[in-house]
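# Structural overview
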Amino acid sequence: MTYKTVGIIGAGVIGQALFDHIQSLSTVRVDYVLAPSGRNKPGRDPAITDFIIDDIEEAIARKVDLVLEAATPDLLASAGPRILAHSDLCGFSCSALSDAGVERAIQDAAAAAGTRFFLPHGAVLGLDGLADGRDQIDEVVITTTKSGPSLGEAADARGIVFEGSTRDACARFPRNVNVHAAVALAGIGFDRTRSVVVADPHTKAMKHHIAVSGQTLQWDITVSSMSLGGVTGAYTPKSAVGSLQRILGQTAIANV
Ligand SMILES: NC(=O)c1ccc[n+]([C@@H]2O[C@H](COP(=O)([O-])OP(=O)(O)OC[C@H]3O[C@@H](n4cnc5c(N)ncnc54)[C@H](O)[C@@H]3O)[C@@H](O)[C@H]2O)c1
């Protein structure tokens, strides 16, 4: 598909990086940026102000070619299926799909309309390998280590704060384990993927270790990037722009 109009939901770290990239292009334009905190938020980039709307119904009604969601899992859960009725959708808050009803609604809406839901690799690497090897993989364990406050825990929290299924991890840390959701969706699902969340009071990094094994394969991937202060590490805005470039088909040599 040739994309001409894009809507961005969320004007935070990821939304701003996506906006900046599209503004540098001549073939595609931003139609709106949905940000309920409004135009006058202190520190808001003036370039984005003219594009800001605050009503999800207006955003859906604009029927752009592509929507980039970088807001919250609740927003993706409630609006995702309705967006997919008219637009392709890339969802960064993919822990929303840990609710089986939401995952089904997203799949059904895309199938009914002939649209696509894009799952960005976000803060981690290797979703392609998980999807390709799915039938041969027996075990996937993803371990995330962050400071307590970036997990919504106390500053002095230390050690394992969660161990269990990725479905349960997403319910407990919806804003912090989107990468676990992405790994589960790409690979062996929310119930078979195991999640471990570790608090380290001394770290300024966000570290993710993915251990994959099966009878015929095995790999370990560790990704670490510095925290930008909120829920997102320094690598993710770059990764988000890379995913957008691949969706738009802008790269002369395409990774497949
Ligand atoms: N998949 C990944 O690897 C990955 C990595 C980092 C962050 N994330 C997720 O991506 C999302 C965006 O991350 P970020 O760092 O840019 O967050 P951020 O906190 O910097 O920005 C979030 C933005 O969403 C807006 N927002 C909040 N509620 C909204 C609503 N109901 N409707 C529209 N906009 C709303 C806020 O005003 C803000 O502009 C978060 O859900 C985060 O958890 C995913």
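All values derive from a computational prediction rather than experimental measurement.

### Focus: the environment of Phe92
Here Phe92 shows up in the loop between β5 (88-91) and α5 (100-113). For Phe92, a count of 29 C-beta atoms within 10 Å puts it in the buried group. Separated by 19 residues in sequence, Phe92 and Pro73 place their C-alpha atoms 8.4 Å apart. Not counting residues up to four positions away in its chain, the partners in contact with Phe92 are Ile14, Glu69, Ala70, Pro120, Gly122, Asn178 and Ala240.

### Focus on the nonpolar core
Counting residues in each nonpolar core, the largest one holds 60 residues, and the members touching the most others are Ile8, Leu18, Leu68 and Val183. The element best represented in this core is helix α8 (residues 178-186), accounting for seven residues. Three or more residues apiece are contributed to this core by two domains, here domain 1 (5-121 + 236-248) and domain 2 (127-231). Ignoring anything within four residues of it in the chain, the contact list for Leu18 reads Ile8, Leu68, Ala70, Ala240, Val241 and Leu244.

### A few points about the site of the ligand
Around the ligand sit 30 residues, and of these Gly10, Gly12, Ser93, Gly122 and Thr232 come closest. Listing elements by their share of the shell around the ligand, those giving two or more residues are α1 (13-23), α4 (73-84) and α8. For the shell around the ligand, the per-class residue count stands at 18 nonpolar, 11 polar and one charged. Split by domain, the residues of the shell around the ligand number at least three in each of domain 1 (5-121 + 236-248) and domain 2 (127-231).

### Concerning α4
Here α4 spans 16 Å end to end across 12 residues, near enough to the 16 Å set by a 1.5 Å rise per residue. Among all positions in α4, only Pro73, Leu76, Ala77, Ala79, Gly80, Pro81, Ile83 and Leu84 are buried. In this structure, the buried side of α4 is in contact with α3 (56-61), β4 (66-69), β5, α5 and β6 (117-118).

Cut-offs applied
- Residues numbered from 1 in each chain as written.
- Predicted model: local features only at pLDDT ≥ 70, side-chain atom pairs only at ≥ 80, totals over all residues.
- Helix = DSSP H or I, 4+ residues; strand = E, 2+ residues; numbered from the N terminus.
- Buried ≥ 20, exposed ≤ 12 C-beta atoms within 10 Å, placed from the backbone.
- Contact = placed C-beta atoms within 7 Å.
- Core = buried A, V, L, I, M, F, W, Y, C linked by C-beta atoms within 7 Å.
- Domains from an automatic or database assignment.
- Near = placed C-beta within 6 Å.
- Nonpolar A, V, L, I, M, F, W, Y, C, P; charged D, E, K, R; others polar.
- Expected span 1.5 Å × (residues − 1).

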